[in-house]
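# Structural overview
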Amino acid sequence: MADLKTLEQARELINQCMKCGNCQAVCPLYAETMHEGAVARGKIRLAVDVLEGKLQPSHAVLDKFALCLTCKACEANCPCGVHCVDIILQARAQLAEKVGLPFIKQTIFRGLKLRRLFNLGLKVGANFQAVALKSRREGKGRTMRFPVMGMDMRRVIPDLATTHSRDMFDEYNPAHSGKGKVRAAFFTGCVNNLIYNDTCKAIVEVLRANDVDVIVPKEQHCCGAPVFINGDRNIGRDMARHNLEVFTAADEKYNLDYVFMACGTCVCSFAEHYTHLLHDEPKYLAMAEKLAKKTTDVNPLVIKVGGLQKPLGKVEHVVTYHDSCHLARSMKVTAEPREIMKAIPGIRFVEMKDAARCCGGAGSFSLTHYDLSKQITTKKAENIRSTGATLATTGCPGCRMTIEDGLAQSNVKIDTVHPVALLYESYKNSGVIKG
């Protein structure tokens, strides 16, 4: 029988499943496909078959495990508390070890690993994006002029920022008062760095207005989640080690109180995944455990430092909120973004139907399974439209990008922002932040 040590580590979790099928009721993919292989119970059965030698590792089996959003809705609805997504990630890693990832994924992940080249490529690409991407007449975003392998021509892509977020700040950005009481390092993540620099500016300025010295380590890299979630743990570990070294150095230099993110997946990487990925490397495990204790999403951080105690100006909007799967189910951040928005005068907050249902993005899932992803996103767009909102908000830039595409495909003209961007507008309107 094949050596299956990686998947064998999930044996105890697999044995906890009592095959009740409660996961079917909440799985967004099962709702679209009505296929047992799409749901957690079906994948756990596949994992057992691989372990027992009834199925041999192959790309066909790997494809079946790739059919998962890792949204954790199954875990939240499991009466046995089975960590279904952990099983699926172990299976992906095991199969990737045995048969390798598809060529296109290998190429993308190897490119992503090259931090300087990746950033340079995106900077050059931002300045010449009009060559490959045409602006939409109907609204924001662009569509492709030419077919590119792995990308659907219908997809609406947001503009790449010509100035990356991390280039907008010094490494050390003191509190506006000059008397910082808290020191927090910002892990921007890729999408916020490369696309949504408006979000990063709003977050940094709001925190500086609340006596926070904001540190932006320049050498940070992708958190690695797109890589290790797809099964390439070697490159994922390399990225994790790099980020741990960068933020540990920042901690030693500035004595950080917090490491914060504005992306649910990035928060999970620091708070959960790095300790698991590097559990057998004592040096990096110690770094990961120390930083995990300081890791937080920006929404609770803003409230913790007194962000809602400042004078708040009026912001006239009807607003709804989409819960990022990783932010809501892994980090339990659901109340804080709503608390921020409800505190702002002029905002009328309207809860959308199924706010915590996955938007369909799931990182690279929307690239590899665009039609299925689009079916899920179309429902999210309809739920947003039916609220009558003038703005849709979310705490995750990946969700924001997916929702923007879904709204555009559904011809719904509603802008999207991060909740803290609304607080930034409120601060400007009250004079807390000038300009």
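Quantities reported herein were computed from a predicted structural model and do not represent experimental measurements. Residue positions within a chain follow its written sequence, with the count starting from 1. In keeping with the predicted nature of the model, local features appear solely for residues at pLDDT of at least 70, side-chain atom pairs appear and are counted solely at 80 or more, and the whole-chain, interface and lining totals rest on all residues. The side-chain numbers reported here are obtained from all heavy atoms of the structure, hydrogens and water having been left aside.

### Considering empty space enclosed by the protein
Definitions used for this entry: grid spacing 1 Å over protein atoms alone; cavity, a set of points where a 1.4 Å probe fits but cannot get out; pocket, an open set with protein on both sides within 12 Å along at least 5 of 7 lines; lining residue, one with an atom within 4 Å of a point. Grid points are joined across faces, edges and corners, and a volume is the space filled by probe spheres set on the points. In total, this model carries five cavities of 30 Å³ or more according to the counting rule given. Taken as a whole, the largest cavity encloses approximately 110 Å³ of empty space. The nonpolar class holds Ala, Val, Leu, Ile, Met, Phe, Trp, Tyr, Cys and Pro. Asp, Glu, Lys and Arg form the charged class, and all remaining residues, Gly among them, are polar. Tallied by class, residues from the lining of the largest cavity come to twelve nonpolar, three polar and two charged. As a volume, the second largest cavity reaches approximately 100 Å³.

### Structural notes on the packing of aromatic side chains
Any pair of Phe, Tyr and Trp rings, taking the six-membered ring for Trp, is counted once the centres come within 6.5 Å. Such a pair is stacked with planes under 30 degrees apart, edge-to-face with planes over 60 apart, and tilted for the rest. Counted under the stated rule, the structure contains six aromatic pairs. Plain terms: the ring middles of Phe186 and Phe260 are 4.6 Å apart, the flat faces sit at 10° to each other, and that makes the pair stacked. Taken as a pair, Phe186 in strand β4 (residues 182–187) and Phe260 in strand β6 (residues 258–261) lie far apart in primary sequence, 74 residues in all. For the residue pair Phe186 and Phe260, the accessibility class agrees, reading buried in each case. When the centroid spacing of 4.9 Å and the interplanar angle of 50° are considered together, the rings of Phe270 and Tyr274 count as tilted. Of this pair, Phe270 and Tyr274 both sit in helix α15 (residues 264–277), four residues apart, roughly one helical turn. Considered together, Phe270 and Tyr274 belong to a single accessibility category, that of buried residues. What links up through ring pairs into an aromatic cluster is the set Phe187, Phe247, Phe270 and Tyr274. The criterion for a charge sitting over a ring is simple: Lys NZ or Arg CZ within 6 Å of the ring centre, and within 35 degrees of the ring normal. The lysine or arginine in question, Arg241, covers the ring of Tyr284, its NZ or CZ lying 6.0 Å from the ring centre. Across from the ring centre of Tyr196, 3.9 Å away, lies the NZ or CZ of Arg400, which sits over that ring. By definition, any uninterrupted DSSP run of H or I lasting at least four residues is a helix, any uninterrupted run of E lasting at least two residues is a strand, and each is numbered from the N terminus. A simple rule labels every residue: compare its accessible area, found with a 1.4 Å probe on the protein chains alone, to the largest value its type can have, and call it buried under 20%, exposed over 50%, or partly exposed in between.

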